[in-house]
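Here's the letter readout for the chains.
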Amino acid sequence: MPEDMPEDFDFLVRYGYGEVSKNEINTYQDTVVKDLIVNGTATANITLTGEEMRSIYERMRGISIMSKMQLVPAKQSCSVVPYQEDSWRITVNGFTRNWSWSGENCELTEDAEKLLELRNFIADIVAGKEAYQELPEAEGGYD
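Every value quoted in this text rests on a predicted model; they were computed, and no experiment measured them.

> Talk me through helix α2 (residues 110-127); I want residue IDs and the actual numbers.
Helix length check: α2 (18 residues) gives 25 Å between terminal C-alpha atoms against 26 Å at 1.5 Å per residue, within 8%. Listed in full, the buried residues belonging to α2 are D111, A112, L115, L116, L118, R119, F121, I122, A123, I125 and V126.

> Give me the lowdown on the side chain of K129, citing residues and values where you can.
With respect to the secondary-structure elements, K129 resides in the loop between α2 and α3 (130-133). Among the residues examined, K129 registers a relative accessible area of 16% and is labelled buried. Once residues within four sequence positions are removed from consideration, K129 is found in contact with I46, T47, L48, T49 and E52.

> Describe the sheet that holds strand β3 (residues 31-35), naming the residues involved and giving the relevant values.
In space, the six strands of this open sheet follow the order β4-β3-β2-β1-β5-β6, with antiparallel pairing throughout. Two strands bound the open sheet, and with one partner strand each, they are β4 (41-45) and β6 (95-102). Between one strand and the next, the sheet's axes are offset by a mean angle of 10°, whatever the strand orientation. The sheet contact formed by strand β5 (residues 84-92) and β6 spans eight bridges and is antiparallel. Paired with R89 across the strands is N98, a residue of β6.

> Give me unusual backbone geometry: which residues, what numbers.
Although it is not a glycine, D30 sits at a positive phi angle of roughly 55°. The backbone of S64 shows a phi angle near 55°, a positive value even though the residue is not glycine. Take S64: it is sitting in the loop between α1 (50-62) and β5. For S64, a relative accessible area of 39% translates into the label partly exposed.

Cut-offs applied
Residues numbered from 1 in each chain as written. Predicted model: local features only at pLDDT ≥ 70, side-chain atom pairs only at ≥ 80, totals over all residues. Heavy atoms only, no water. Helix = DSSP H or I, 4+ residues; strand = E, 2+ residues; numbered from the N terminus. Expected span 1.5 Å × (residues − 1). Buried < 20%, exposed > 50% of the residue type's maximum accessible area, 1.4 Å probe, protein only. Contact = heavy atoms within 4.5 Å. Pairing = 2+ DSSP bridges. Axes fitted to C-alpha atoms, helices over the stretch in contact; angles between N-to-C directions.

Dropping the structure here:
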């Protein structure tokens, strides 16, 4: 990844529990989808600021997100239900990389942990936005 954030930098991350990852942060379309669990989903138009995008870009550079990542544990000793899943699409300088990882196996790889930290960092930024705070609260839970 270049040191300076390119004009075409965008990303999409889908995440959540269950068979469908219903939460989504999409800078390609400047939208956020919130999983309301038993009440479906709600969508808001949210545009991240240039400073927020640069901060996210720097974190992505720091974990070499466009390089090869090990997201499946070498040893799979057990599985959990429900488990969270993330899928990513990142575009930098005309190149798009797709990643996904699952928490189904009891432990995460170091790279999956880095992606989880990154996703939580981005979700915290989004959660601070007024448009996100105006979305309905989720009801229910995942078993």
